[in-house]
Every structure is written in structure tokens, then in C-alpha cells.
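The primary structure of each chain is shown beneath.
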Amino acid sequence: MTPSPSEITPQNAPPVWSDGVRELLARRPVFDAHCDAIARAVDLGDDLAERTTSGHFDCVRGAEGGLGAWVVVAWVDPARDLERSFDRASEMFAAAHDLAARRPDRFRIVGNAEELSAAHDARVVAGIPGIEGGHAIEGSIDKLHWFFERGLRVMTLVWNNHLPWIRSCDGGAGADIPIGLSEFGRRVVAELNQLGIVVDLSHAGERSFYDALDATSKPPIASHSGCMALHEHPRNLTDDQLRALAQHDGVAGIVFHPGFLDADARREEMRVRTTNAYTSIDMSGNREQAARGFLEQQRVMQRDARPMPASRLVEHIAHAVDVAGIDHVGIGSDYDGIQRTPQWLESASSYGTLAELLVRRGFTLTDVEKVLGGNMRRVFETVTGKGMAAHAAQGLVGAAGFARG
Ligand SMILES: [Zn+2]
């Protein structure tokens, strides 16, 4: 008697990559619009040019998964560092430049379409410095310029903390919280357009999102969000928002975080946060101890929460494609920023598993290539190409710029 396929393939083993997927990944098509790994380099001294044994992401595992480019996110935790946001973000920029200077064979910072192509041809992972949360510029256009000169090309306008010039997706009200984007906020967006920095609207409040779309003259992204139609969560995008992004030739990067993608997964994560294994993790120490604590939280969460199948992420991608169109959906994993991943997508070496699942869902390889990176790459090229032309003489400052202080 011939066994059925389900008897041959273990239910919890990831699908084997088909030849077509392997060929696709060999061309390194993945453009991950959101990844927090650089914080591990700063706080723990992790070398992201080498295979690392903790966390989700490094350039070696990324390359195995077909990674061509990633947005090197500098996120400043406002609970810890609000008063020194600029300094903390600049430490992360310095770490990215240090990585590029030490390991030009593995990692290179790119600022425009030409540099991205050159890195791709050299088979070096491209890094695009990004800031998550406008608090890093501390209300100063000069500081925004400072980051631009050191490679900033993607700016998530706001994180979960409201700023005087933009409301986040979080709740709360008060005299200091604008309803959407303030006059200064519109000026920031205009400046990003002028410089050639991609405007990222994940985390923005709904009104802020539309105000920013109104203000921007360049295609925007939402780098790491899910679909509100599949799971009501303030971090997700409504169908109207997905369509509005498409109308501006932008891209929605679908996030891997189970808690944003699925109501049961979110409840499961909240349950684990009340367990002894989780609550006993000490997060109170210095920065390095807190970073180790976060890795331990990741370990416990991935181990103890009932896994969320990767197919749920595929459902969000498929829904976004249905609503916004195949040219307007990408990925922003949030690797190393999230406490757990969908099953089978536990590290950056598993983008190919997502590709395989998309193929099995009925996506053509051409469409998979667009979702995994082609669409994000288009926005990056459109926005930075023109910006760099206007600033041709400026160039990147590079690691030496930090050495000089
Ligand atoms: Zn985020």
C-alpha cells in the first residue's frame, strides 16, 4: 500500500525547497525591510559577519536564505534611552559602519540604486541604515542630515511612543499628542523626500499615516505590519491603507511577528508572559544584561508558546496581494526585534521556506521574487536614486566619520 504524502512528510518538518526556489534564492532576491540585529552587535558584541548561534539574523544565515539587502534598523528604546536617543541611534550607525569596514567581503552599506546593484553583483549582503522612531532626531533637521550623511535611507517616522510632531498607533490622548502629523512633521517628510530617504509608516497612527501620504511626493512603505482584516491589531494595516499605499506606488512589508498576525498566537504569547520561566528573567541590569535577558525571553517564548504555522504569514501576504496588488507587497521580518517567529521561519536562513510556501500557495516564481524583495527594491531605487543625484557630492561619510567623533 502506498503511503499518503502526509505519512511520508513529517507534519512539523519544513517543506523541502524545490529546484525553482533554490535557483531563485541563489540570485539573492530577498530585501528584508526591517531587521533589528545591529543592536546585538552594539550590546553583545555579536559579529554579524559570522554565523551566530543566538538571535535570528546574521549575514551568513541571511545569505543562505537568499538575502540580498536588509534595512539595518537603529531602534532606540524610549523607556531606557529617550533622553539620549540621538547618541544611542548613532552607536548603532557606528556599529553598521564598523561591520562594513571589518568585513567588506560579507557586508556593505549602500545608499542608492547603483551601490545596491554593485553589492549584489559582488554577492555581498547590502545594508541600508534605517531609523525606527523619529525621537532619534530629537526634533532637529540638522540631526536628520547628520544621519543622512552616515547612510540613513529609511526612516520609520514614529515608534509606539507619540512624538510632539506625529501620533503613533498606540492609544492615549493629551495636549502634547498631535492627532496626526504636525507642521514640523510635514517638514520632516518633505526633507526625507528631498534627501532621498524612504518614508516608513509602520507604527504610525491612522491619521498620521494618511497625513504622511498626503505630504510625501515619493513612494512610501510600511516596513513591518500585518493585515487588519485578518487580525485586528493597532500595528496592522486596514484594506484602505493597503490600497492607499498602492496608489502611491508604495509597498507594505508583511511582518513575521505571530502576535501581530493571529489572535490565538497573541493570546498564547500573553499566556507565556505570565509563566514563571518568563517572569523570572532579569531585565533590570545594564544594557548587556538586558540584551541577554531579551535573548532568554526569545528562547522561552519560542519554546513554550504553541507554534504559529508559517501558513498564517502566507495568508497575510496573500490577502495584502489581493487588496494592494502583486507590485505592492514585500516583507519586513522584524528579526531580532520580535520575541518569536512563525514555525519554520526561526532564522534568516529560512526566507527560502517562505518562498516555497508561497509557491505551494499558487504564487509564480516571478511573483515570489517581487514579494521577497523586488518591490521593496523598486521603492528604494526610486526614492534614493533621485535623492542621491541631488546630493552627488555628499556621498557616505563611512566609519572614519565616527572615528573623528
Ligand atoms: Zn517596529
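Refer to the preceding data block for the structure.
Residues numbered from 1 in each chain as written. Predicted model: local features only at pLDDT ≥ 70, side-chain atom pairs only at ≥ 80, totals over all residues.

Some details on the packing of helix H11 (residues 239-247) against helix H16 (residues 310-324)
Next up, step 1: Interhelical geometry of H11 versus H16 gives an angle of 60° and a closest axis separation of 9 Å. Viewed along their axes, H11 and H16 adopt a mutual orientation that is oblique. Taken as a pair, H11 and H16 cross one another with a handedness that is right-handed. On H16, the residues that touch Asp239, Leu242, Arg243, Leu245 and Ala246 of H11 are Ala320, Val323 and Ala324.
Next up, step 2: Of the residues belonging to the contact of H11 with H16, the class tally is six nonpolar, no polar and two charged. (Axes fitted to C-alpha atoms, helices over the stretch in contact; angles between N-to-C directions. Helix = DSSP H or I, 4+ residues; strand = E, 2+ residues; numbered from the N terminus. Parallel < 35°, antiparallel > 145°, perpendicular 65-115°, else oblique. Left-handed = near helix turned anticlockwise from the far one by under 90°. Contact = placed C-beta atoms within 7 Å. Nonpolar A, V, L, I, M, F, W, Y, C, P; charged D, E, K, R; others polar.)

Thoughts on the packing of helix H2 (residues 19-26) against helix H17 (residues 351-361)
Helix-helix packing is described using two parameters, namely the angle between the two axes and the distance between the axes.
Next up, step 1: It is at 10 Å that the axes of H2 and H17 come closest, and there the two elements cross at 135°. Relative to H17, the element H2 is oriented oblique. Classified by chirality, the crossing of H17 by H2 is right-handed. Contacts from Gly20, Val21, Leu24 and Leu25 of H2 reach H17 at Gly352, Ala355, Glu356 and Val359.
Next up, step 2: Its residues placed into classes, the contact of H2 with H17 shows five nonpolar, two polar and one charged.

So, the nonpolar core
Next up, step 1: Residues Ile38, Ala252 and Ala320 are the most contacted members of the largest nonpolar core, which totals 111 residues.
Next up, step 2: Contacts of isoleucine 38, omitting those with residues within four sequence positions, involve Val72, Val73, Ala74, Met92, Ala95 and Ala96. (Core = buried A, V, L, I, M, F, W, Y, C linked by C-beta atoms within 7 Å. Buried ≥ 20, exposed ≤ 12 C-beta atoms within 10 Å, placed from the backbone.)

Some remarks on the pairing of strand E1 (residues 30-35)
Next up, step 1: Buried residues dominate E1, accounting for six of its six residues.
Next up, step 2: Bridging between E1 and strand E2 (residues 67-75) involves four bridges; their strand directions are parallel. What sits directly across from aspartate 32, in E2, is tryptophan 70. (Pairing = 2+ DSSP bridges.)

Notes on unusual backbone geometry
Next up, step 1: The phi dihedral of aspartate 249 falls on the positive side, at around 60°, and the residue is not glycine.
Next up, step 2: Structurally, the position occupied by aspartate 249 is in the loop between H11 and strand E8 (251-254).
Next up, step 3: Unusually for a residue other than glycine, tryptophan 344 sits at a positive phi of about 75°.
Next up, step 4: Secondary-structure assignment places tryptophan 344 in the loop between strand E9 (329-331) and H17.

Side note on helix H10 (residues 206-215)
Next up, step 1: Among the residues making up H10, those that are buried are Ser208, Phe209, Asp211, Ala212 and Leu213.
Next up, step 2: Here the buried face of H10 lies against helix H9 (183-195), strand E6 (198-200) and H11.

Distances and angles like these do not, on their own, reveal function.
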